[in-house]
2 protein chains.
Amino acid sequence: MKEKLTERQKMILSLVVHDYIRTATPVGSKKLVEQFRLDMSSATVRAELAVLTELGLLQQPHTSGGRYPTENGYRYFVGSLMKLQELPEDRRRMIEHQFYQMQSDQGVEGWMKLSASILASLSGAISLVSAPYSRFLALRHIALISLSDRQALLIVVTNSGQAQQRFVALDEPMTQPQLTAIENEMNALFAELNSFQIREKLAVSDAFRRSALKSELTDHVVAAMSDVEATRSGEIYTDGLRNVIGEPEFTETGEARGALKLLDEKTALRSILTRPNADQKIGGIQVLIGGEGSIADLHHCSLVLARYGKSNAIGGTIGILGPMRMRYARNIPTVRFIAGILSDLVSEAFADMKTGTKNGEESPIIINE
Amino acid sequence: MKEKLTERQKMILSLVVHDYIRTATPVGSKKLVEQFRLDMSSATVRAELAVLTELGLLQQPHTSGGRYPTENGYRYFVGSLMKLQELPEDRRRMIEHQFYQMQSDQGVEGWMKLSASILASLSGAISLVSAPYSRFLALRHIALISLSDRQALLIVVTNSGQAQQRFVALDEPMTQPQLTAIENEMNALFAELNSFQIREKLAVSDAFRRSALKSELTDHVVAAMSDVEATRSGEIYTDGLRNVIGEPEFTETGEARGALKLLDEKTALRSILTRPNADQKIGGIQVLIGGEGSIADLHHCSLVLARYGKSNAIGGTIGILGPMRMRYARNIPTVRFIAGILSDLVSEAFADMKTGTKNGEESPIIINE
DNA sequence: CGTTAGCACTCAATGCGAAAGAGTGCTAAT
DNA sequence: ATTAGCACTCTTTCGCATTGAGTGCTAACG
């Protein structure tokens, strides 16, 4: 990948990528010259194409079928050639408007849905958004709500803003005031602890056993916390299926067909969103071209991912999943922009300290690894 | 649709439906005779097929291309011919086990997801599950949780078990004890009211204005309630996309392609799940064959829907969406069974009075209106 | 009378070869 | 170094004949 290409070779590679992204058809020398009014003959272009093919940046479906980028071709393009197309100012303002309009309204869930929706419609791909989660997950608050005399609703809120609710069957009837008392007691005891620490605190002494604290209730608290901790990245939101249906890659025997299965399997999605960028900086963009065998079904797809949030403390991942043949130059700024907004929102919402990468800032783009 | 068919005609129609469901290929007279070892010649079958075609129950793609059911053919089949195949006892037990295992754990959300998952895998179609909602929605409990000195999380729980959470920016710093005080006050005032009643109560007197109740908070309570009321049927869960990808109807130019778009647009799904069966009895199954123009994209699909819950008080809709060519005889009992379980669970969870259709019971099947 | 065997007919699907078209690599001239 | 020209390689497409499943009709049969 260290090969030095001539300026002309770079330009031609760029043109091939652009044209292929637009048409999804292998592109030949003659078409290139005509299409882009090149100041040279098709034979010259052919020679250059041959070189690029030799270098493994282009490939041909068969001996005389035009050329299109290889995975490495895309990587080179994204890494060295591409000129990012920033979102036009009015677009940005429109998006920001939408976010700030609903900001305090719908809570985290609202942000996630809005992000997924905007990302999908702007990118023409499938959007993936993971709800924010904290590295240092801790219980923030417990609420106990009487549903009937033997049924209560337990709500556990974590410092990541996630709320787990579960129904609890009570061994003996309890009124709301009784529950509230327990609620207060538990809040005092368990606040700012994680499930492990809570369990420890419970084990250390039986004092709590004898108190008003029902073990049936504490068990549920521990379980709820564990749940949140286990599914780390919280809920995953997707949108934009409609965009991708119809793209040739996804059609019938299309190679990317398998990718659609993924949308069903949130666990797989989750592993995509959580794993690769574990140690990635906020605001940095990660581009995964060709799935890298990590997920077999993604062989002909690309991912553009970004982390958002307060560095290391709380955050999540957003991104888009589309055909390898996607408009990186437009999509990368889009993803980055939305990630920036989410960072701001998260910082604001969970703020003691205000951090978060500011929108405009440049940040590195990491390609496959 | 009142036409009296001979027993033989009924049988032949049945066979055609079955075979077509299995093979997705138009079926001819000869194949029928061989396949099912019929005690007559192909010519006889041909004559009967001609009659059925005449009656509009079968159709042929072209003059000599075999026959397959029309929408009316399916409707007649489902309405009069089909023998329901109840789920085998061990299956039932397995499913029930899964539900009761998680029952009190994950709350409503868990049930919904499990229902969607089971329904999808058992039916081989797309499952649609709407969270329960109450006809007489009322606020059950408010929780106010301090996130930082100027940020709080407001959780509004309704009597349908839905929890709306939203972030609230506080005009002036407040501590958790202060918030708890307000929480108690609001709970006392607003419990068992709907958004309209709350608004009324607020308007009637300014007493509240002067009290510790911040209008910024009460506004949010009203807004949260309105939100829940507006989106009535609550969240919609779907699963089983993987099943339907690959079915010929959904492939490439497939006629049912548009149906996939629906999965993206929850609003459309919602209208499907809420509208048609508004006045349907709990436990009754509604089969919609061919979309009925209600949703244009569903022209070549069928829906099997059932309401669950406590009659009129609280409940939701579940169902499956698949190709018209679906295994009704198996799917209908499946949908009914899951609806039964959900009815039980909902009755239990929101019980004062215990109702709900018991699983085994027979209940009417309504076909297209 | 209902049933069946037989037959001519229809029409999508299949297969094959010729022609077209797009693109390449090579070579020789500029 | 660039380019024009040309032979070559493939896929795509079209036409055309073939196949085969399925039909509708009719005449014979029990």
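Residues numbered from 1 in each chain as written. Chains lettered and ligands numbered in written order. Predicted model: local features only at pLDDT ≥ 70, side-chain atom pairs only at ≥ 80, totals over all residues. Heavy atoms only, no water.

1. Here we look at the protein's contact with DNA strand D
Around DNA strand D sit 18 residues, and of these Arg-8, Thr-44 and Ser-64 of chain A together with Ser-29 and Arg-67 of chain B come closest. Each atom of DNA strand D within 4 Å of the protein was assigned to sugar, phosphate or base; sugar and phosphate come to 78%. Taking Ser-41 of chain A, its main chain carries an N or O atom lying 3.1 Å from a phosphate oxygen of DNA strand D. Residue Ser-64 of chain B places a main-chain N or O atom 3.5 Å away from a sugar or linking oxygen belonging to DNA strand D. In terms of residue count, helix H3 (residues 42-54) of chain A provides more of the surface near DNA strand D than any other element does, three residues in total. Looking at the surface near DNA strand D residue by residue, the class counts come to three nonpolar, 11 polar and four charged. (Near = heavy atom within 4 Å. Polar contact = N/O pair within 3.5 Å; in protein donor to acceptor, adjacent residues only side chain to side chain. Helix = DSSP H or I, 4+ residues; strand = E, 2+ residues; numbered from the N terminus. Nonpolar A, V, L, I, M, F, W, Y, C, P; charged D, E, K, R; others polar.)

2. Structural notes on the pattern of salt bridges
All names here are of chain B. Following the criterion strictly, the structure yields 14 salt bridges over all chains and no others. A salt bridge links Lys-10 to Glu-7, with the nearest nitrogen and oxygen atoms 3.7 Å apart. Residue Lys-10 and its partner Glu-7 are located together in helix H1 (residues 7-23), separated by three residues, close to a single helical turn. Between Arg-22 and Asp-19 there is a salt bridge, and its shortest N-O distance comes to 3.1 Å. (Salt bridge = Lys/Arg side-chain N within 4 Å of Asp/Glu carboxyl O.)

3. Some details on the nonpolar core
Core analysis: the biggest nonpolar cluster contains 142 residues, and Tyr-328 of chain A together with Tyr-328 of chain B have the highest contact counts within it. The residues contacting Tyr-328 of chain B, other than those within four sequence positions of it, are Tyr-74, Val-78, Met-82, Val-287, Ile-289, Ser-302, Val-304 and Pro-333 of chain B. (Core = buried A, V, L, I, M, F, W, Y, C linked by side-chain atoms within 4.5 Å. Buried < 20%, exposed > 50% of the residue type's maximum accessible area, 1.4 Å probe, protein only. Contact = heavy atoms within 4.5 Å.)

4. What about the sheet that holds strand E5 (residues 139-148) of chain A?
Residue and element names in this part refer to chain A. Ordered in space as E5-E6-E7, the three strands form an open sheet in which the pairing is antiparallel. Among the strands making up the open sheet, the edge pair consists of E5 and strand E7 (163-169). Averaged over all neighbouring strand pairs, the angle between strand axes comes to 20 degrees, with direction disregarded. With seven bridges connecting them, strand E6 (residues 151-158) and E7 associate as antiparallel partners. The partner of Gln-151 across the bridge, within E7, is Ala-169. (Pairing = 2+ DSSP bridges. Axes fitted to C-alpha atoms, helices over the stretch in contact; angles between N-to-C directions.)

5. A word on the protein's contact with DNA strand C
Taken together, 18 residues lie around DNA strand C, and Ser-29 and Arg-67 of chain A together with Arg-8, Thr-44 and Ser-64 of chain B are the ones closest in. Separating a phosphate oxygen of DNA strand C from a side-chain N or O atom of Arg-67 of chain A is a distance of 2.9 Å. When residues of the surface near DNA strand C are traced back to their parent elements, those giving at least two are H3 of chain A together with helix H3 (42-54) of chain B. The leading source of residues in the surface near DNA strand C is H3 of chain B, at three residues. A per-class count over the surface near DNA strand C returns three nonpolar, 11 polar and four charged.

In short, shape yes, function no, at least from these values alone.
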